[in-house]
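# Close look at the chain arrangement
Listed here are the chains, written in short residue letters.
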Amino acid sequence: MDAFVKDKINQSMNDRKQYHSRFLENCSTYNSFLELEKKAFEAGSLSRKHKELMALSISIVTKCEPSIEWHVQQACLAGASDKEIYETIDVAIEMGGGPAAAYSRFALNALDFHKKRT
């Protein structure tokens, strides 16, 4: 993985940490969003891992790199295997076509990045 991609992922992670408290202090909807996120990703009929994989696929199709990075990390933390990540990418490519295939490369970079950190 080249330095540009590593820097991009690190910047995304740093931005998320840096702006979290600022959002909490200044944005009236942010805390509600965090509660919604917490409820949405709780294990129920679907496991947290499966919900993270769904979110990863949606993130790829919507071309949101910070979300791609986050949901790759969260899926890995929830026990997703590399094969499950690849199958999730397959679904994203089917739903999003060529652009999803291009953004899937970022998902693979994020997977490599987070696997090296653990």
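Calculation criteria
- Residues numbered from 1 in each chain as written.
- Predicted model: local features only at pLDDT ≥ 70, side-chain atom pairs only at ≥ 80, totals over all residues.
- Heavy atoms only, no water.
- Helix = DSSP H or I, 4+ residues; strand = E, 2+ residues; numbered from the N terminus.
- Rg over C-alpha atoms; globule rule 2.2 N^0.38 Å.
- Buried < 20%, exposed > 50% of the residue type's maximum accessible area, 1.4 Å probe, protein only.
- Contact = heavy atoms within 4.5 Å.
- Areas by Shrake-Rupley, 256 points an atom, 1.4 Å probe, with all protein chains shown as cover.
- Salt bridge = Lys/Arg side-chain N within 4 Å of Asp/Glu carboxyl O.
- Polar contact = N/O pair within 3.5 Å; in protein donor to acceptor, adjacent residues only side chain to side chain.
- Axes fitted to C-alpha atoms, helices over the stretch in contact; angles between N-to-C directions.
- Left-handed = near helix turned anticlockwise from the far one by under 90°.
- Nonpolar A, V, L, I, M, F, W, Y, C, P; charged D, E, K, R; others polar.
- Core = buried A, V, L, I, M, F, W, Y, C linked by side-chain atoms within 4.5 Å.
- Expected span 1.5 Å × (residues − 1).
- Bend = angle between axes of the 7 residues up to and from the residue.

Of regular secondary structure, the protein possesses five helices and zero strands. Reading the helices (α) and strands (β) of the protein from amino to carboxyl end gives α-α-α-α-α. A compact globule built from 118 residues would reach a C-alpha radius of gyration of about 13 Å, and the protein, at 14 Å, matches this within 12%. Each of the 118 residues in the protein was classed as buried or not, and the buried ones make up 30%. Intrachain contacts of the protein at a sequence separation of at least 6 include 66% that bridge at least 24 residues. Accessible surface, the protein: about 7,400 Å² in total, of which carbon and sulfur atoms supply 55%.

Turning next to the pattern of salt bridges. For the structure on display, the rule yields four salt bridges. Among the salt bridges present, the one from arginine 16 reaches glutamate 69, with a minimum N-O distance of 2.8 Å. Residue arginine 16 is located in helix H1 (residues 3-26), and its partner glutamate 69 is located in helix H4 (residues 65-77); the two are separated by 53 residues in the primary sequence. When its relative accessible area of 28% is taken as the criterion, arginine 16 is described as partly exposed. Looking at glutamate 69, the relative accessible area reads 0%, which means it is buried. Between aspartate 82 and lysine 115 there is a salt bridge, with the nearest N and O atoms lying 3.1 Å from each other. Of the residues examined, lysine 115 reaches a relative accessible area of 43% and is grouped as partly exposed.

Structurally, the position occupied by histidine 114 is in helix H5 (residues 82-117). In sequence terms histidine 114 and glycine 96 are 18 residues apart; their C-alpha atoms lie 24 Å from each other. Sequence-distant contacts of histidine 114, that is, excluding residues within four places in its chain, are made with Met13, Glu69, Val72 and Gln73. Reaching out from histidine 114, the side chain makes a polar contact with the side chain of glutamate 69 at a distance of 2.7 Å.

Our next topic: the packing of H4 against H5. As a packed pair, H4 and H5 sit with axes 8 Å apart at the nearest point and diverge in direction by 60°. Seen along the crossing, H4 lies across H5 with a hand that is right-handed. Seen from H4, the contacting residues are Glu65, Ile68, Glu69, Val72, Gln73, Ala75 and Cys76; seen from H5, they are Ile85, Tyr103, Phe106, Ala107, Ala110, Leu111, His114 and Arg117. In terms of residue class, the contact of H4 with H5 is made up of ten nonpolar, two polar and three charged.

This part is about the nonpolar core. Grouped together as the largest cluster of nonpolar side chains are 19 residues, with contacts concentrated most on Ile9, Leu56, Ile60, Ile68, Val72, Ile85 and Ala107. At the level of elements, H1, helix H3 (48-61), H4 and H5 are the ones that each hand at least two residues to this core. With near-sequence residues (within four places) excluded, isoleucine 85 lies in contact with Leu53, Leu56, Ala75, Ala80 and Leu111.

Let us look at H5. End to end, H5 covers just 15 Å across 36 residues, shorter than the expected 52 Å (1.5 Å per residue, more than 12% under). Taking the largest bend as the criterion, H5 deviates by roughly 140°, centred on glycine 97, and proline proline 99 comes between one and four positions later.

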